[in-house]
Amino acid sequence: PIKIHAQNKVRYQVRVGNLTKHNCEICLDNEHIIGHHSDYTKPLDVIWLCIACHNKLHAKLKYLNK
């Protein structure tokens, strides 16, 4: 699926040094940072979030899409 492809592409680009993780864009934490895709058709267009903020964002998006 497109989601898996996008996630794998980000992981690979980080691993080879073409993409750099940054602090969480919400709380500025620098631990357990992951890339959040708002559009999986743009796999390298991510915002960097800690896991806690990423989970909160998804909960909010799920609530808004009800």
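Cut-offs used in this document
- Residues numbered from 1 in each chain as written.
- Predicted model: local features only at pLDDT ≥ 70, side-chain atom pairs only at ≥ 80, totals over all residues.
- Heavy atoms only, no water.
- Core = buried A, V, L, I, M, F, W, Y, C linked by side-chain atoms within 4.5 Å.
- Buried < 20%, exposed > 50% of the residue type's maximum accessible area, 1.4 Å probe, protein only.
- Helix = DSSP H or I, 4+ residues; strand = E, 2+ residues; numbered from the N terminus.
- Contact = heavy atoms within 4.5 Å.
- Patch = residues over 30% accessible without salt bridge, like charges linked within 9 Å, V, L, I, M, F, W, Y side chains within 5 Å.
- Areas by Shrake-Rupley, 256 points an atom, 1.4 Å probe, with all protein chains shown as cover.
- Salt bridge = Lys/Arg side-chain N within 4 Å of Asp/Glu carboxyl O.
- pLDDT = per-residue confidence, 0-100.
- 1 Å grid on protein atoms, 1.4 Å probe; cavity = no way out; pocket = protein on both sides within 12 Å on 5 of 7 lines; lining within 4 Å.
- Points joined across faces, edges and corners; volume = space filled by probe spheres on them.
- Nonpolar A, V, L, I, M, F, W, Y, C, P; charged D, E, K, R; others polar.

### Thoughts on the nonpolar core
Line of reasoning, step 1. Residues Val10, Leu19, Cys24, Ile33, Val46, Trp48, Leu49, Cys50 and Cys53 constitute the largest nonpolar core, which totals nine residues.
Line of reasoning, step 2. Ranked by residues supplied to this core, first place goes to strand β2 (residues 46-50) with four residues.
Line of reasoning, step 3. Once residues within four sequence positions are removed from consideration, Leu19 is found in contact with Val10, Gln13, Val14, Leu44 and Trp48.

### A few points about the side chain of Gln13
Line of reasoning, step 1. Residue placement: Gln13 occurs in helix α1 (residues 2-15).
Line of reasoning, step 2. Ignoring anything within four residues of it in the chain, the contact list for Gln13 reads Asn18, Leu19 and Leu44.

### A look at the environment of His58
Line of reasoning, step 1. Tracing the backbone shows His58 in helix α2 (residues 51-64).
Line of reasoning, step 2. The class for His58 is partly exposed, based on a relative accessible area of 34%.
Line of reasoning, step 3. Along the chain, His58 and His36 lie 22 residues apart, while their C-alpha atoms are 9.7 Å from each other.

### Some thoughts on a nonpolar patch on the surface
Line of reasoning, step 1. Among the surface-exposed residues, Leu61, Tyr63 and Leu64 lie close enough to one another that they form a single nonpolar patch of about 340 Å² accessible area.
Line of reasoning, step 2. Tracing the backbone shows Tyr63 in helix α2.
Line of reasoning, step 3. On the accessibility criterion, Tyr63 (59% relative accessible area) is exposed.

### Concerning the confidence of the model for the protein
Line of reasoning, step 1. Averaged over all residues, the pLDDT of the protein is 95; the fraction at 70 or higher stands at 100%.
Line of reasoning, step 2. Within the protein, β2 carries the highest mean pLDDT (98), whereas α2 carries the lowest (93).

### Looking at the layout of surface pockets
Line of reasoning, step 1. Put simply, the largest pocket is a space of about 260 Å³.
Line of reasoning, step 2. Broken down by secondary-structure element, the contributors of at least two residues to the lining of the largest pocket are α1, β1 (33-37) and α2.
Line of reasoning, step 3. Considered class by class, the residues forming the lining of the largest pocket number six nonpolar, six polar and three charged.

### Considering unusual backbone geometry
Line of reasoning, step 1. Its identity as a non-glycine residue notwithstanding, Leu28 has a phi of 70°, on the positive side.
Line of reasoning, step 2. Within the secondary structure, Leu28 is located in the loop between α1 and β1.
Line of reasoning, step 3. At His32, a position not held by glycine, the phi torsion is positive, near 55°.
Line of reasoning, step 4. Among the secondary structure elements, His32 is positioned in the loop between α1 and β1.
Line of reasoning, step 5. Relative accessible area serves as the criterion here: at 59%, His32 is assigned to the exposed category.

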